[in-house]
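Listed here are the chains, written in short residue letters.
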Protein chains: 2
Amino acid sequence: MIEIVKPMDIEKRSFEIITELLGDRQLDPETEPVVKRVIHTTADFDYADSLHFSEHAVRRGVEALRAGCDIVTDTQMARSGINKTILSRLGGQVHCFMSDADVAEEARERGITRAIVSMERAANLKKPCIFAIGNAPTALLALRELVDAGRVIPALIVGVPVGFVNVVESKETIIASGAPCIVARGRKGGSNVAAAICNAMLYQIER
Amino acid sequence: MIEIVKPMDIEKRSFEIITELLGDRQLDPETEPVVKRVIHTTADFDYADSLHFSEHAVRRGVEALRAGCDIVTDTQMARSGINKTILSRLGGQVHCFMSDADVAEEARERGITRAIVSMERAANLKKPCIFAIGNAPTALLALRELVDAGRVIPALIVGVPVGFVNVVESKETIIASGAPCIVARGRKGGSNVAAAICNAMLYQIER
């Protein structure tokens with residue numbers, strides 16, 4: 001049975017259904033819009049349990065975006081999914097160094113991933129940044145080293161790589177770093193989840 | 001414990017772990033590379049059960065790509081995730097009409113989704129196409145009408161929208177259409193899944 005819903009009401013109706021399906025579950029009002037948008041993006045209710053937020057991570061992310069911070073990501077897909085119209089109105093832009101020819105070359109020469117080189121490039125940006133990592137655990141491991149060395153002070157780390165090799169560990173190391181973070185514990189995540197978390201914060205500022 | 005894996009071996013190691021975790025489960029050799037790549041992209045083993053393949057859907061998709069077909073998708077994220085280097089070497093390209101200004105205008109005037117208008121535009125392409133739908137169930141509903149009316153003969157429909165409003169129904173209507181299809185039954189799916197399925201077929205042709 002097809003439900004008749006006007007195009008402009010589809011998202012609203014989706015969030016109503018998500019709320020129904022969450023049932024009695026109480027969500028923190030600060031993190032709720034992020035949790036629900038990730039479920040909206042994935043139809044996967046595991047995220048209601050797996051998303052970890054450091055203290056006032058969402059508020060900090062929203063404040064940073066409102067102040068015009070940039071977003072650094074590790075995939076073109078996440079870059080593509082982040083709402084750049086709102087971000088640019090706030091004064092921010094998205095950086096993704098993964099496809100840069102010189103990043104690939106340096107990674108090959110040093111025998112490390114492009115994601116590590118990309119994070120090192122990002123450390124040289126002169127603006128406050130949110131790091132939205134949806135793919136490469138090595139990006140998170142590199143970020144941890146850069147944070148420990150005082151070379152990066154992230155406005156927020158969205159640590160949601162997906163996968164099987166060092167993914168779980170890379171996320172736990174970010175939580176342990178003490179940096180402000182939103183992390184999807186476990187193997188799940190992805191570029192779509194990274195973009196959804198950024199957008200959930202952007203939509204709190206304007207729509 | 002961080003596992004030391006060379007950058008070039010991370011994907012291989014990931015697929016080994018996926019194979020281990022699938023355990024005794026027997027997969028059809030034709031569909032196995034697609035199922036495993038979707039699990040690689042999502043870390044979600046539900047797809048081992050939910051992916052539906054019409055008869056020789058993968059073989060048909062691979063043959064169409066090898067012959068230079070185009071891919072039509074309903075999100076910029078899916079377009080971004082599809083391996084365009086291989087696709088273009090084969091003679092194909094990716095189309096996504098969703099952000100076209102005139103598509104938005106026509107959708108507003110007619111009170112329908114941009115996805116429906118986009119599928120109508122795609123029906124006018126003069127080349128064989130694979131339709132990779134990761135977001136909009138309305139795109140699948142429109143495709144079904146276009147197929148029934150004889151206005152589109154898809155090389156393959158990758159029907160993997162995610163969500164809560166008419167998503168399940170839209171996928172079942174594609175399966176029932178008799179068109180060659182790969183469908184993620186249920187609510188789950190996404191642009192990342194659509195791109196992963198296309199890439200799994202492209203990587204069978206070259207890497």
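Relevant structure appears above.
The shown structure was predicted, so the numbers you read here are calculated from the model rather than taken from an experiment.

A. Region of the structure containing the packing of aromatic side chains. On inspection of all chains with the given rule, the structure shows two aromatic pairs over all chains. Taking 6.0 Å as the distance between ring centres and 85° as the angle between the ring planes, the aromatic pair formed by Phe 45 of chain A and Phe 164 of chain B counts as edge-to-face. Taken together, the residues Phe 45 of chain A in the loop between helix H2 (32-42) and helix H3 (47-50) and Phe 164 of chain B in the loop between strand S5 (156-159) and helix H10 (167-177) connect one chain to another. A relative accessible area of 25% means that Phe 45 of chain A is categorised as partly exposed.

B. Region of the structure containing the packing of helix H4 (residues 57-66) of chain A against helix H11 (residues 191-205) of chain A. Residue and element names in this part refer to chain A. Interaxial distance between H4 and H11 falls to 9 Å at its minimum, and their mutual angle equals 65°. One way to sum up the angle between H4 and H11 is to call them roughly perpendicular. As for how H4 packs across H11, the hand of that crossing is right-handed. On H11, the residues touching Val 58, Gly 61, Val 62, Leu 65 and Arg 66 of H4 are Cys 198, Met 201, Leu 202, Gln 204 and Ile 205. Of the residues contributing to the contact of H4 with H11, the split by class is seven nonpolar, two polar and one charged.

C. View of unusual backbone geometry. Residue and element names in this part refer to chain A. Phi at Ala 43 is positive, roughly 55°, even though this residue is not glycine. By the secondary structure assignment, Ala 43 is in the loop between H2 and H3. One non-glycine residue, Asn 166, adopts positive backbone phi at about 65°. Note on placement: Asn 166 falls in the loop between strand S5 (156-159) and helix H10 (167-177).

D. Examining the pairing of strand S2 (residues 70-73) of chain B more closely. Residues and elements named next belong to chain B. Side chains of S2 alternate between two faces, with Asp 70 and Val 72 and Ile 71 and Thr 73 buried alike. Note: S2 against strand S4 (residues 129-133), four bridges, orientation parallel. Bridged to Val 72 within S4 is Phe 131. The pairing of S2 with strand S3 (residues 94-95) spans two bridges and is parallel. Across the sheet, the residue bridging to Ile 71 is Val 94, located in S3.

E. Geometry of the interface of chain A and chain B. With 38 residues of chain A at the contact, the number on the chain B side is 38 residues. When chain A packs against chain B, close to 2900 Å² is buried across both sides, 70% of that on carbon and sulfur atoms. Among the residues chain A hides against chain B, the three largest losses belong to Met 77, Phe 164 and Val 165 of chain A. Together they make up 25% of the total. Put simply, chain A and chain B have two salt bridges between them. Close ionic contact of Asp 44 of chain A with Lys 188 of chain B constitutes a salt bridge, the shortest N to O distance being 3.8 Å. Seen at the junction of chain A and chain B, the total is seven residue pairs in polar contact (both at pLDDT 80 or more). Of all the elements in the fold, those that place two or more residues in the side of chain A that touches chain B are helix H1 (10-22), H2, helix H5 (76-81) and H11 of chain A. Tallied by class, residues from the side of chain A that touches chain B come to 18 nonpolar, 14 polar and six charged.

F. Broad picture of the relation of the copies chain A and chain B. Aligned on chain B, chain A shows an RMSD of 0.0 Å; the corresponding rotation is 180° and the shift along the axis is 0.0 Å. What the rotation and shift describe, once combined, is the action of a two-fold rotation axis. Scanning chain A for the C-alpha nearest the rotation axis identifies Met 77 of chain A, at a separation of 2.5 Å. Interface residue correspondence from chain A to chain B reaches 100%, placing this contact among same-surface, isologous pairings.

G. Summary view of H1 of chain A. Residues and elements named next belong to chain A. The end-to-end C-alpha distance of H1, which contains 13 residues, comes to 18 Å, matching closely the 18 Å that a straight helix rising 1.5 Å per residue would cover. Along H1, the residues that are buried comprise Ser 14, Phe 15, Ile 17, Ile 18 and Leu 22. In an axial view of H1, the angular spread of the buried residues amounts to 160°, which keeps them on one side of the axis. Among the exposed residues of H1, those oriented more than 90 degrees off its buried face are Lys 12 and Glu 20. Against H2 and H3 lie the buried residues of H1. Looking one or two places after H1, you find Gly 23, whose phi comes out positive at around 60°.

H. Up close: the sheet that holds strand S3 (residues 94-95) of chain A. All names here are of chain A. Within the open sheet, the six strands sit side by side as S1-S6-S5-S4-S2-S3. Their pairing is mixed. Both edges of this open sheet fall to strand S1 (51-53) and S3, since each of them pairs with a single strand only. Contacting strand S4 (129-133) and S5, helix H9 (residues 137-148) runs over the sheet at an angle of about 145° to S4.

Parameters at a glance
- Residues numbered from 1 in each chain as written.
- Chains lettered and ligands numbered in written order.
- Predicted model: local features only at pLDDT ≥ 70, side-chain atom pairs only at ≥ 80, totals over all residues.
- Heavy atoms only, no water.
- Phe/Tyr/Trp six-rings, centres within 6.5 Å; stacked < 30°, edge-to-face > 60°.
- Helix = DSSP H or I, 4+ residues; strand = E, 2+ residues; numbered from the N terminus.
- Buried < 20%, exposed > 50% of the residue type's maximum accessible area, 1.4 Å probe, protein only.
- Axes fitted to C-alpha atoms, helices over the stretch in contact; angles between N-to-C directions.
- Parallel < 35°, antiparallel > 145°, perpendicular 65-115°, else oblique.
- Left-handed = near helix turned anticlockwise from the far one by under 90°.
- Contact = heavy atoms within 4.5 Å.
- Nonpolar A, V, L, I, M, F, W, Y, C, P; charged D, E, K, R; others polar.
- Pairing = 2+ DSSP bridges.
- Buried area = accessible area lost by both parts, 1.4 Å probe.
- Salt bridge = Lys/Arg side-chain N within 4 Å of Asp/Glu carboxyl O.
- Polar contact = N/O pair within 3.5 Å; in protein donor to acceptor, adjacent residues only side chain to side chain.
- Least-squares fit on C-alpha atoms with pLDDT ≥ 70 in both.
- Expected span 1.5 Å × (residues − 1).
- Arc of directions from axis to C-beta.

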